[in-house]
Amino acid sequence: MRAITITYAFSGDETVWQNAVDAFVSALDADQELDGRFSYQVAVADDKVTRIHWGRWDSAETLAHVQSQPYFKEFAGKVRKFAGGAPNATGHDIVTKTGNW
């Protein structure tokens, strides 16, 4: 399984940020082609400024599907604006995990 961790600092309008995140997650949940093959989580760090996004997917085809969708392109643009440029992004392979992750 492949994954990505994205981090950036954001101290703007929380409502605008939350609405963008909620819209993206809702679009992922509504995408019937994904059928549980792509998951996404977003967190706000204790400092209330650092934002952390985790995405996980099962194959290159699944990722290509997500990246080709208008909802992805719109959200990626918003994240760049929230981050004030390109956010920090680290791709990685998941080696092991707990059963509930």
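Now for a look at the structure at hand.

Scoring rules and cut-offs
By convention here, each chain's residues receive numbers from 1 onward along its written sequence. In keeping with the predicted nature of the model, local features appear solely for residues at pLDDT of at least 70, side-chain atom pairs appear and are counted solely at 80 or more, and the whole-chain, interface and lining totals rest on all residues. Each side-chain value is derived from all of the structure's non-hydrogen atoms; neither hydrogens nor water enter the calculation. We count a stretch as a helix when DSSP gives it H or I for four or more residues in a row; a strand needs E for two or more, and each element gets its number in order from the N terminus. Exposure categories follow from relative accessible area, calculated using a 1.4 Å probe and restricted to protein chains: below 20% of the type maximum is buried, above 50% is exposed, and the middle band is partly exposed. For this analysis, a ring pair means two rings from Phe, Tyr or Trp (six-membered ring only for Trp) whose centres lie within 6.5 Å, classed as stacked if their planes differ by under 30 degrees, edge-to-face if by over 60, and tilted for the remaining angles. Charge-over-ring contacts are defined here by two conditions on Lys NZ or Arg CZ: a distance within 6 Å of the ring centre and an angle within 35 degrees of the ring normal. The length a helix should cover is 1.5 Å for every residue beyond the first. Residues count as neighbours in contact if any of their non-hydrogen atoms are within 4.5 Å of one another. For the purposes of these results, a polar contact is taken to be a pair of N or O atoms within 3.5 Å, where, inside protein, one atom must be able to donate a hydrogen and its partner to accept one; residues adjacent in sequence count only when each atom of the pair is a side-chain atom. Two strands pair under a simple rule: DSSP has to find at least two bridges between them. Structural elements are reduced to axes, namely lines fitted to C-alpha atoms, with helices fitted over the stretch in contact, and the angle between N-to-C directions of any two is expressed from 0 to 180 degrees.

**Topic: unusual backbone geometry**
Moving on, step 1. In this structure, D35 is a non-glycine residue whose phi angle is positive, near 40°.
Moving on, step 2. Relative to the helices and strands, D35 is located in the loop between α1 (14-30) and β2 (38-44).
Moving on, step 3. Classification of D35 by relative accessible area gives exposed; the value is 67%.
Moving on, step 4. Despite not being glycine, K48 has its phi angle at roughly 65°, a positive value.
Moving on, step 5. Position of K48 among the secondary structure elements: in the loop between β2 and β3 (50-57).

**Quick word on the packing of aromatic side chains**
How two aromatic rings sit relative to each other is set out by the distance from centre to centre and by the angle between their planes.
Moving on, step 1. In total, this model carries 8 aromatic pairs according to the counting rule given.
Moving on, step 2. With 5.0 Å between their ring centres and 85° between their planes, F24 and Y40 make a pair best called edge-to-face. With F24 in helix α1 and Y40 in strand β2, this residue pair connects regions lying 16 residues apart in the sequence.
Moving on, step 3. Classification of Y40 as buried rests on a relative accessible area of 18%.
Moving on, step 4. Residues F38 and Y40 carry aromatic rings whose centres are separated by 6.4 Å and whose planes lie at 10° to one another, so their mutual orientation is stacked.
Moving on, step 5. By the ring-pair criterion, three or more aromatic residues cluster together here, those being F24, F38, Y40, W57, Y71, F72 and F75.
Moving on, step 6. Between the NZ or CZ atom of R51 and the centre of the ring of W17, over which it lies, the distance is 4.5 Å.

**Section: α1**
Moving on, step 1. The first and last C-alpha atoms of α1 sit 24 Å apart over 17 residues, in line with the 24 Å expected at 1.5 Å per residue.
Moving on, step 2. Lining the buried residues of α1 we find β1 (2-9), β2, β3, α2 (60-68) and α3 (70-83).
Moving on, step 3. The distance from a side-chain oxygen at the start of α1 to the backbone nitrogen of T15 is 2.8 Å, and the residue carrying that oxygen is D13.

**What to know about the sheet that holds β1**
Moving on, step 1. Spatial ordering of the open sheet is given by β2-β3-β1-β4, a layout of 4 strands whose pairing is antiparallel. Looking at the sheet topology across the chains shown, the edges are occupied by β2 and β4 (88-93). When strand polarity is set aside, the average angle formed by the axes of neighbouring strands in this sheet is 15°.
Moving on, step 2. Examined bridge by bridge, β1 and β4 share 6 bridges and lie antiparallel to one another. Paired with A3 across the bridge in β4 is H92.
Moving on, step 3. Set on the sheet, α1 makes contact with β1, β2 and β3; between it and β2 the angle comes to about 165°.
Moving on, step 4. Along the sheet face, α3 touches β1, β2 and β3 and points at about 40° away from the line of β1.

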